[in-house]
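Below are the chains, spelled out letter by letter.
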Amino acid sequence: MEDIRKMKLLFIRHGDPDYTIDSLTEKGWKEAEFLSEKIAALDVRDFYVSPLGRAKDTASCTLKKNGRTATECKWLREFDVKIRRPDVHGEKIIPWDWLPEDWTKIENFYSFDRWWDNDILREGKMKEYDWVTQNFDKVLAEHGYVREGHYYRAEKANEDTLVFFCHFGVSCVLISYLLSISPLVMLQNFCAAPSSVSTIVT
């Protein structure tokens, strides 16, 4: 019988944020504490965390409970790319929350390979996506999974559970990359509430 081992990747959005101080609200701290009870019960191989305060504060409850530390990764910070959306006039803003009647008209937004190839996203330097996904691939390679085109070769299959404390935008970028779909599709159609956990299983 074939030995099937399943790695788990948990993408955790920070708790309810207080963006003015880059931390959590009172509600957010309660969310982080409740979350820690669930995560502490898991057999986690490694923790990774964004350098932003709201993600680090969310992680702190779990790490303290487990007596663990997390690797801080700059590339896990919120996907901080701004574009000039045609449905909003003025300053550049985040690429999600874009009206479907506008973004769905651009066919290559649906392409895994060509989603970035248009004036709006080139001006917004959305190809920062590559910096994020390349660093993500390095982490997965360290755990035995090497990217080859649209899939990962299991050089060392395992049942590691990896936890990433991060943000909505960067979670969408990473999950869409794992699934080989355009990040625009995820950013426009996916929702992750504060302190929610999105789990991908190999």
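In this text, all values refer to a predicted model and were calculated from it rather than measured experimentally.

Conventions and cut-offs
Residues numbered from 1 in each chain as written. Predicted model: local features only at pLDDT ≥ 70, side-chain atom pairs only at ≥ 80, totals over all residues. Heavy atoms only, no water. Pairing = 2+ DSSP bridges. Helix = DSSP H or I, 4+ residues; strand = E, 2+ residues; numbered from the N terminus. Contact = heavy atoms within 4.5 Å. Axes fitted to C-alpha atoms, helices over the stretch in contact; angles between N-to-C directions. Buried < 20%, exposed > 50% of the residue type's maximum accessible area, 1.4 Å probe, protein only. Core = buried A, V, L, I, M, F, W, Y, C linked by side-chain atoms within 4.5 Å. Phe/Tyr/Trp six-rings, centres within 6.5 Å; stacked < 30°, edge-to-face > 60°. Lys NZ or Arg CZ within 6 Å of the ring centre and 35° of its normal. Expected span 1.5 Å × (residues − 1). Arc of directions from axis to C-beta.

## Things to note about the sheet that holds strand S4 (residues 46-49)
In space, the five strands of this open sheet follow the order S5-S4-S8-S1-S9, with mixed pairing throughout. Two strands in the sheet have a free side with no partner beyond their single neighbour: strand S5 (71-72) and strand S9 (197-201). Relative to S5, S4 is paired through two bridges, and the arrangement is parallel. In the sheet register, Val49 faces S5, and the bridge partner there is Glu72. Where helix H1 (residues 26-39) meets the sheet, its contacts fall on strand S1 (8-13), S4, strand S8 (161-166) and S9, and the angle it forms with S1 comes to roughly 170°.

## Looking at unusual backbone geometry
In this structure, Asp22 takes a positive phi of about 50° despite not being glycine. Taking relative accessible area as the criterion, Asp22 reaches 24% and is therefore assigned partly exposed. One non-glycine residue, Lys125, lies in the positive phi region at around 55°. Structurally, Lys125 is set in the loop between helix H4 (119-123) and helix H5 (128-142). Residue class for Lys125 comes out exposed when judged on its relative accessible area of 65%.

## Examining the nonpolar core
Formed by 41 residues in total, the largest nonpolar core has its most connected members in Leu9, Trp75, Phe136, Leu140 and Phe164. Secondary structure elements with two or more residues in this core: S1, H4, H5, S8, helix H6 (168-179) and helix H7 (183-189). The element contributing the most residues to this core is H6, with eight residues. Excluding residues within four positions of it along the chain, Leu9 makes contact with Phe136, Leu140, Leu162, Phe164, Leu178, Ser198, Thr199 and Ile200. Counting 12 residues, the second largest nonpolar core, distinct from the first, contains Ile12, Ala55, Leu63 and Val163.

## Points about the packing of aromatic side chains
Applying the stated criterion to the full structure yields 12 aromatic pairs. Site record: aromatic cluster; members linked through ring pairs are Phe11, Tyr48, Trp75, Phe136 and Phe164. When the ring centre of Tyr177 is taken as reference, the NZ or CZ atom of Arg147 above it lies at 3.9 Å.

## Things to note about H1
Owing to its 3.6 residues per turn, the α-helix aligns residues three or four sequence positions apart on the same side. For H1, spanning 14 residues, the distance from its first C-alpha to its last is 20 Å, which sits close to the expected 20 Å at 1.5 Å a residue. Buried within H1 we find Gly28, Glu31, Ala32, Leu35, Ser36 and Ile39. Looking down the long axis of H1, one finds its buried residues gathered within 140° of arc, a one-sided arrangement. The exposed residues of H1 that point more than 90 degrees off its buried face are Glu26, Lys27, Lys30 and Phe34. Against the buried residues of H1 lie S1, strand S3 (23-24), S4, helix H2 (53-66), S8 and S9.

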